[in-house]
Every structure is written in C-alpha cells, then in structure tokens.
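Each chain, written out:
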Amino acid sequence: MSISLTSLILLPIWINMAQIQQGGPDEKEKTTALKDLLSRIDLDELMKKDEPPLDFPDTLEGFEYAFNEKGQLRHIKTGEPFVFNYREDLHRWNQKRYEALGEIITKYVYELLEKDCNLKKISIPVDATESEPKSFIFMSEDALTNPQKLMVLIHGSGVVRAGQWARRLIINEDLDSGTQIPFIKRAVAEGYGVIVLNPNENYIEVEKPKIHVQSSSDSSDEPAEKRERKDKVSKETKKRRDFYEKYRNPQREKEMMQLYIRENGSPEEHAIYVWDHFIAQAAAENVFFVAHSYGGLAFVELMIQREADVKNKVTAVALTDSVHNVWHQEAGKTIREWMRENCCNWVSSSEPLDTSVESMLPDCPRVSAESLHCHGQVKNRR
C-alpha cells in the first residue's frame, strides 16, 4: 500500500490529536489549537502535490484506446473497457483524465458526422467576423433544399456536443447508444434532410490576460540609479513569489475567461438562431424535431418566441426525457394545445414501450421508453 505525501504530512497531527483526546480536560486547549491548525491547512492544495501532472494525450491512440467494429471503446492492448479509476485515491486526476478523453471523443464524433454521415459543418453566426468567437452546426447537403421533409436533432445539457446524446454511454457502452449517428443514418436513408444543432457550444475559453502593474518609478522624478535598484528588488521579489507559488500549487491551472458567441450564448438562443437562419429558410413541407432532455426545453422556448412560424412548418416532435415545463416557461394555452396534438415525450419507465405514463403537466402525452437508457434513444421503430 502506498502512502501519499498528504498522509505523511497529516499523520503526526492526527496521532497527536488522538493522544491528546485520551487525556483529561486540561488537554482541551491543545486539542482546540490542533483543530485550528488543521482547519487552516488547504487539503485540496496538499492533495494536488500528490498528483501526477495534468498532462494527457490528445489522441485516442495516445490513451491506448480505440473503437472496435461494434463501436465499443476498448484498450488497444488488453481489449478491456475504459477504466475511470486509473490511479487509486486520485479522484481529481482521474476526473481530469476522463474529461481529456471526452474532448477527444467529441472531435472523433465530429469526424464521423462529416465522414460517415456526409454532413457539412456550418459556422455560426453566419455573418461572423474573422476575429469573433464562433460555433457551428451540421447539415446534410439537402437540408435546405429537400422539398419534402427535414429532421432536426437537439441534444441535452452538459458536456455533450453536436452528434452526441451522452458522453458516458459513448465511453462505457458504444457509439450507437451514445450518439445521434443511428438517427441520422436512418433519416438520410428514408429521404430526410438533416440538421444537427450544437446548443452547448455557447462560448470559447481563452486565457485571462495578465494584468501589468506599472512600476511606480515610471512616473517619478527619482534618480535613475535609485529606480534601477528598486526595479531589481521588485524583480527578485516577483521571482521568489513565483517560485513559492509553483511549490505551493504545482498543479495550478491557467485562469480562463469565457467569450460568448453572439446570439448563441445559451441553448435557447441557439435554437432560435438556427431556426431563424436555417430551418425557417428550408424548403421542406414537413419539419420534424427529436429533442432530448434540455433540448425539449429549448424547443418549447422556440415555440414561445416563434409560435406561428413553428406551427406552420413543424409536423411532429419526439421528445425524450424532456425537462421542459410549460408553467415555468409560461407557454400559452394555444401552445399547450398544439403540443398535445403534435408532440410526444418518451420517458424512462419500466412499463412496456409506448404505455401511457401519467403527467402532472397539461401539454403533450408521456409514454414509456421501456427499459432503454436515460439518454433519449427510442427504439428503432417505424
């Protein structure tokens, strides 16, 4: 059994406390002092010193994983599924490793959307300047020109991006369970145009600029020799402070700031933007939505903002475990009536497929998705 640096630092304190607590009431002051000392120790910072560097591969091959012919993520050498607890007792490091792998998988799914599904990556805002933050969606070649039918897919909240239902299922089960690819391929095969929304890509992250503190000597009338001495002392002080900070927190991550994407700063804004600039312009006589979890809420918000247009173009909506709420979102009576006729919400349930499930909300019918995963995949059925 390995003993961490954190344990070695804290062990004498814990032993001392145990010994003191066995003494009489005269030892209470010592106990209180030790407790105060423990309360001032930054355990998070100490634990970071035990961690290996947060430096992870940027390819699946670097992680020594690959998707097999069944779309399952497996270790290249052992054939085993992904292991989250790669390092014992290092939950934060394991989580960072998992997140790094997730980012690679997101890019991998983007590649599949373009190569396997033949979708095009379309940058938004459509009139973005070269320097401003941008997002993107995916569309089939005929998405805007197909005269008959168009399928629009909206995923839920969290870390998922365009083409995904659930990252966890992609990693732990397979691509068919966790991505929208089966939906897209079937839609294309049955003559639909396809648009895949990307509602969680709301901002880009950039490193915070370092604030330059102007030296007080810059604007003073001090002799040059005195200014040079002060600058030298200042540089030495900064050097020692940086060294101490590196020792105190060796895993310090860069401070980042978020730059939001114009008119796409939230899933709701994104849905309305894509509607206005793409779906509303589509030639399709019938538009169909598949919206999972928070995607259902985004669709209801779209209806509230563009009610007449949505009613005119949208034929049916398949919701899966939707978290919309017509009361909280203040959807009017006419919207609720339209949803009762044109929407259906498949929810996680142990009941047989399509069995009616009671709902407290007066909007669309809720039916069982049977024993399927809670990521929104409904059975492949006509």
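Please read these numbers as outputs of a predicted model, since none were measured by experiment. (Residues numbered from 1 in each chain as written. Predicted model: local features only at pLDDT ≥ 70, side-chain atom pairs only at ≥ 80, totals over all residues. Heavy atoms only, no water.)

(A) Structural detail: the packing of aromatic side chains. Going through the model one piece at a time under the given rule, you end up with 15 aromatic pairs. Between the aromatic rings of Phe 56 and Trp 93, the centroid separation amounts to 5.3 Å while the plane-to-plane angle is 55°, which identifies the pairing as tilted. A residue pair is termed long-range when its members are at least 10 positions apart, and Phe 56 in the loop between α3 (43-50) and α4 (60-63) and Trp 93 in helix α5 (residues 91-115) qualify at 37 residues. Side by side, Phe 56 and Trp 93 carry an identical accessibility label, which is buried. The positively charged end of Arg 97 is found above the aromatic ring belonging to Tyr 86, 4.2 Å away from the centroid. Over the aromatic face of Phe 136 sits the side chain of Lys 121, whose NZ or CZ is 4.1 Å from the ring centroid. (Phe/Tyr/Trp six-rings, centres within 6.5 Å; stacked < 30°, edge-to-face > 60°. Helix = DSSP H or I, 4+ residues; strand = E, 2+ residues; numbered from the N terminus. Buried < 20%, exposed > 50% of the residue type's maximum accessible area, 1.4 Å probe, protein only. Lys NZ or Arg CZ within 6 Å of the ring centre and 35° of its normal.)

(B) Focus on the nonpolar core. In this structure, Leu 73, Leu 101, Ile 105, Leu 113, Phe 138, Ile 184 and Val 196 are the most contacted members of the largest nonpolar core, which totals 43 residues. If you tally residues by element for this core, the top one is α5, at 10 residues. Residue contacts for Leu 73: discarding those within four places in its chain leaves Leu 60, Tyr 65, Ala 66, Phe 67, Glu 80, Pro 81, Phe 82, Leu 101, Ile 105, Ile 170 and Ile 171. Membership of the second largest hydrophobic core comes to 38 residues, among which are Ile 122, Met 139, Ala 143 and Ala 331. (Core = buried A, V, L, I, M, F, W, Y, C linked by side-chain atoms within 4.5 Å. Contact = heavy atoms within 4.5 Å.)

(C) Local environment of the packing of helix α11 (residues 294-305) against helix α13 (residues 333-342). Contact pair α11 / α13: the axes reach a minimum separation of 10 Å and the direction vectors enclose 130°. Taken together, the axes of α11 and α13 are oblique relative to one another. In this structure, α11 crosses over α13, and the sense of that crossing is right-handed. Here Phe 299, Val 300, Met 303 and Ile 304 of α11 lie close against α13, whose contacting residues are Ile 335, Trp 338 and Met 339. Here the contact of α11 with α13 is built from residues that sort into 7 nonpolar, no polar and no charged. (Axes fitted to C-alpha atoms, helices over the stretch in contact; angles between N-to-C directions. Parallel < 35°, antiparallel > 145°, perpendicular 65-115°, else oblique. Left-handed = near helix turned anticlockwise from the far one by under 90°. Nonpolar A, V, L, I, M, F, W, Y, C, P; charged D, E, K, R; others polar.)

(D) Inspection of helix α10 (residues 267-277) at higher detail. Along α10, 8 of the 11 residues are buried, which leaves the element largely enclosed by surrounding structure. Those residues of α10 that fall on the buried side of the exposure criterion are Pro 267, Glu 268, His 270, Ala 271, Ile 272, Tyr 273, Val 274 and Trp 275.

(E) How the structure looks around the pairing of strand β6 (residues 193-196). The side-chain alternation of β6 yields two buried faces, one formed by Gly 193 and Ile 195 and the other by Val 194 and Val 196. When strand β4 (residues 135-139) meets β6, the two strands line up antiparallel, connected through 2 bridges. Within β6, the residue paired with Phe 138 across the bridge is Val 196. Where strand β5 (residues 149-154) and β6 come together, 4 bridges link them in parallel fashion. Residue pairing in the sheet places Met 151 in a bridge with Val 194 of β6. (Pairing = 2+ DSSP bridges.)

(F) How the structure looks around the environment of Leu 119. Here Leu 119 is to be found in the loop between α5 and β3 (120-124). For the pair formed by Leu 119 and Val 196, sequence separation is 77 residues and the distance between their alpha carbons is 9.0 Å. Filtering out sequence-adjacent residues up to four positions away, Leu 119 remains in contact with Leu 113, Glu 114, Phe 138, Met 139, Ser 140, Ile 184 and Val 196.

(G) Geometry of the pattern of salt bridges. Tallied over the entire structure, the rule returns 10 salt bridges. Residue Glu 132 pairs with Arg 262 through a salt bridge whose shortest N-O separation is 2.9 Å. Taken together, the residues Glu 132 in the loop between β3 and β4 and Arg 262 in the loop between β8 (256-260) and α10 connect sequence positions 130 residues apart. Here Glu 132 falls in the buried class, since its relative accessible area comes to 16%. Among the residues examined, Arg 262 registers a relative accessible area of 30% and is labelled partly exposed. In this structure, Arg 262 engages Glu 263 in a salt bridge whose closest nitrogen and oxygen atoms are separated by 3.4 Å. (Salt bridge = Lys/Arg side-chain N within 4 Å of Asp/Glu carboxyl O.)

(H) Representation of unusual backbone geometry. Between Ile 124 and the following residue, Pro 125, the backbone shows a cis peptide bond with an omega angle of -5°. Its location among the elements puts Pro 125 in the loop between β3 and β4.

(I) Spatial organisation of the environment of Pro 53. Note that Pro 53 resides in the loop between α3 and α4. Judged by relative accessible area, Pro 53 falls into the exposed class, the value being 58%. Taking the C-alpha atoms as reference points, Pro 53 and Trp 93, separated by 40 residues in sequence, lie 8.5 Å from one another.

These results come straight from atomic positions and should not be treated as a statement about function.
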